[in-house]
Amino acid sequence: SSPARVRVSAIGRVSKIHPITHEELVMPKDALLFEGEAGTVAMSTTPYYGYKMKIFPHLGLRSDRFQVRVSTAPIAYLLAHLPALWRGTLRSAHLHDFLVEGVRVEGDRDLPYQTSGDAQGVRKSLEVYLSPRTFRVIGHSL
């Protein structure tokens, strides 16, 4: 199937991460972040997708936002650059990274989505916000 057309908008404060220098660039509140064809729109409050794959490498820059990543990269490109993608060091104009307080994603059709790797069904639009409440997680290694 063809890539979905999506519109990704910030809700609240937002900054863009420059795709090559990784510099944080402040954007206007509620800015339009991306509009066009994308293979993936992903967001997280933790840097790892799973198996220590660092898909969200910019989360260390701020504690008051979560990262949104829009990928326009063809699968062949991602596979060719898998080691750098895995480490979180891939720099590419195909990856559009933002740090946001909230985000609205709208698709041109119903699109599948998941939470923490679990399928949640399909939706044409989705809004996600950073919770104002935080809690400390204490962990240890075995």
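So, how was this worked out
- Residues numbered from 1 in each chain as written.
- Predicted model: local features only at pLDDT ≥ 70, side-chain atom pairs only at ≥ 80, totals over all residues.
- Heavy atoms only, no water.
- pLDDT = per-residue confidence, 0-100.
- Helix = DSSP H or I, 4+ residues; strand = E, 2+ residues; numbered from the N terminus.
- Core = buried A, V, L, I, M, F, W, Y, C linked by side-chain atoms within 4.5 Å.
- Buried < 20%, exposed > 50% of the residue type's maximum accessible area, 1.4 Å probe, protein only.
- Contact = heavy atoms within 4.5 Å.
- Salt bridge = Lys/Arg side-chain N within 4 Å of Asp/Glu carboxyl O.
- Pairing = 2+ DSSP bridges.
- Axes fitted to C-alpha atoms, helices over the stretch in contact; angles between N-to-C directions.
- Polar contact = N/O pair within 3.5 Å; in protein donor to acceptor, adjacent residues only side chain to side chain.

Q: With reference to specific residues and values, describe the confidence of the model for the chain.
A: Here the chain shows a mean pLDDT of 90. Residues at 70 or above account for 94%. The least confident element of the chain is strand 9 (residues 118-129), whose mean pLDDT is 93; the most confident is strand 4 (residues 32-38), at 97.

Q: Before we move on, could you go through the nonpolar core and cite the residues and values that matter?
A: Counting residues in each nonpolar core, the largest one holds 17 residues, and the members touching the most others are V6, V8, V14, L33, V68, V100 and V103. Secondary-structure elements contributing two or more residues to this core are strand 1 (4-10), strand 4, strand 6 (66-71), strand 7 (95-100) and strand 8 (102-115). Broken down by element, the residue count for this core peaks at 4 residues, all from strand 1. Residues contacting V14, with those up to four places away along its chain left out, are V26, M27, P28, A31, L33, R65, F98, L99 and V100. Among the nonpolar cores identified, the runner-up in size contains 11 residues, and M53, L59, L78 and A84 belong to it.

Q: So, the pattern of salt bridges: which residues are in play, and what are the values?
A: For the coordinates displayed, the defined rule picks out 10 salt bridges. The salt bridge involving R13 is made with E101; its shortest N-O contact spans 2.7 Å. You can see R13 sitting in the loop between strand 1 and strand 2 (14-17) and its partner E101 sitting in the loop between strand 7 and strand 8, a full 88 residues away along the chain. By relative accessible area, R13 is classed as partly exposed at 35%. Using a relative accessible area of 23% as the deciding quantity, one classes E101 as partly exposed. Between D64 and R62 there is a salt bridge, with the nearest N and O atoms lying 2.8 Å from each other.

Q: An account of the sheet that holds strand 9 is requested, with residue identities and associated values reported.
A: Paired through backbone hydrogen bonds, the strands of a sheet run either parallel or antiparallel to each other. Spatial ordering of the open sheet is given by 4-1-8-9, a layout of 4 strands whose pairing is antiparallel. The open sheet terminates on both sides in strands that have one partner only, identified here as strand 4 and strand 9. Here the average twist between neighbouring strands, direction ignored, is 20°. Of the strand pairs in this sheet, strand 1 and strand 8 are connected by 5 bridges, and their pairing is antiparallel. Bridged to A10 within strand 8 is V103.

Q: Break down the side chain of D97 for me, with residues and values.
A: In this structure, D97 sits in strand 7. Overall, D97 belongs to the buried group, its relative accessible area being 5%. One polar contact links D97 to R69, side chain to side chain, over a distance of 2.6 Å. If we ignore the near neighbours within four places in the chain, the residues touching D97 are S15, K16, I17, H58, Q67, V68 and R69.

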